[in-house]
Amino acid sequence: MTRRSAKVMFLALVAFGTGEVAAQASAPSYLDDLDSYTHLETIARSDGERVRDFRIPLGAIEKIRGVWAPRDAERVTGLRQTYTWRVIDGFSSEELVTELDERLADSDGIHLDFACEARACGSSVQWANRVFGQRLLYGTEVSQRYRVYTLESDSGTYRLLIYGSARTADRQYLHGELITVEGTH
């Protein structure tokens, strides 16, 4: 499979997932659709954990009065589904986050709430350990990308968190979290 055809397949999966999100009650299948992408190897997965007052970072991670925390955050309660993937076959986490951004930007019912790249995100080690609890996500500050999207559908509101990082050219990771927010409808 060529690199171009692999990108087309990735976009088709993303389009399938986002199309369902906007039109149906299928938002929880969004990460499952990404999970079937050929150039992502699943490292960790959580099918649904109930969270209460879960903090979604909406700003860079920085040390404030001796404590590492996001500059801004929102708290939500709901069901949290997570995936951590290793990016394989010569693709980069940066490419995949960019592809997701492009696809989601054109989708109805999806809004970008926060985005940061590289050093503007703050400490990569803090994102990996404190925010996502996945130490393997720790990479270089210049390679990290973080996005928070709100997905609105007839069935409810969802928050999609995407984080990409790279330790080396061969150790690149993508992390996704989908939170089904309670109390929005």
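It should be emphasised that the depicted structure is a prediction, and the values quoted were computed from it without experimental measurement.

Rules behind the numbers
Residues numbered from 1 in each chain as written. Predicted model: local features only at pLDDT ≥ 70, side-chain atom pairs only at ≥ 80, totals over all residues. Heavy atoms only, no water. Core = buried A, V, L, I, M, F, W, Y, C linked by side-chain atoms within 4.5 Å. Buried < 20%, exposed > 50% of the residue type's maximum accessible area, 1.4 Å probe, protein only. Helix = DSSP H or I, 4+ residues; strand = E, 2+ residues; numbered from the N terminus. Contact = heavy atoms within 4.5 Å. Phe/Tyr/Trp six-rings, centres within 6.5 Å; stacked < 30°, edge-to-face > 60°. Pairing = 2+ DSSP bridges. Axes fitted to C-alpha atoms, helices over the stretch in contact; angles between N-to-C directions. Disulfide = S-S within 2.5 Å. Expected span 1.5 Å × (residues − 1). Salt bridge = Lys/Arg side-chain N within 4 Å of Asp/Glu carboxyl O.

(A) Focus on the nonpolar core. I56, W127, F132, Y146, V148, L161 and I179 are the most contacted members of the largest nonpolar core, which has 21 residues in total. Those elements that place two or more of their residues in this core are β1 (40-57), β5 (110-117), α4 (124-131), β6 (145-153), β7 (156-168) and β8 (171-181). Excluding residues within four positions of it along the chain, Y146 makes contact with I56, P57, F114, A115, C116, C121, W127, F132, L161, I162 and Y163. Core analysis: the second largest hydrophobic core is formed by 20 residues, L31, L34, I110 and L151 among them.

(B) Looking closely at the packing of aromatic side chains. Within the structure shown, the criterion is met by seven aromatic pairs. Considering the side-chain rings of Y83 and W85, the 5.2 Å spacing of their centres and the 5 degrees angle between planes classify their relative orientation as stacked. Across this residue pair, the class does not change: Y83 and W85 are buried. Taken together, a centroid distance of 6.0 Å and an interplanar angle of 55 degrees make the contact between F114 and Y146 tilted. Of the two residues, F114 is situated in strand β5 and Y146 in strand β6; the sequence distance between them amounts to 32 residues. The exposure class assigned to F114 is buried, which follows from its relative accessible area of 16%.

(C) Representation of the sheet that holds β6 in the model. Read from one edge to the other, the open sheet built from six strands follows the order β1-β4-β8-β7-β6-β5, with strand pairing classed as antiparallel. Either end of the sheet is taken by a strand with one partner, and the two such strands are β1 and β5. Looking at each pair of strands side by side, their axes are set apart by 15 degrees on average, direction ignored. Summarising the sheet, β7 and β8 pair through eleven bridges and their orientation is antiparallel. Paired with Y158 across the bridge in β8 is T180.

(D) Spotlight on the state of the cysteines. This model, assessed by the stated rule, comprises one disulfide. Between the sulfur atoms of C116 and its disulfide partner C121 the distance amounts to 2.1 Å. With the S-S bond torsion at 115 degrees, the cross-link from C116 to C121 turns out right-handed. The burial state of C116 is the same as that of C121; both residues are buried.

(E) Fine view of helix α3 (residues 93-105). Over its 13 residues, α3 extends 18 Å from the first C-alpha to the last, a length consistent with the 18 Å expected when each residue adds 1.5 Å. Among all positions of α3, only S93, E95, L96, V97, E99, L100, D101 and L104 are buried.

(F) Local environment of the pattern of salt bridges. Here the structure, examined in full by the defined rule, presents twelve salt bridges. For R71, the salt bridge identified is with E62, shortest N-O distance 3.0 Å. R71 gets classed as exposed once you look at its relative accessible area, which sits at 54%. When the shortest N-O distance is used, the salt bridge between E74 and R159 registers 2.3 Å. Taken together, the residues span a long stretch of sequence, with E74 in strand β4 (residues 73-87) and R159 in strand β7 at a distance of 85 residues. Overlapping salt bridges, with partners in common, bring together E94, D101, E117, R145 and R147 in one network.

Purely spatial values, then, with no claim about function.
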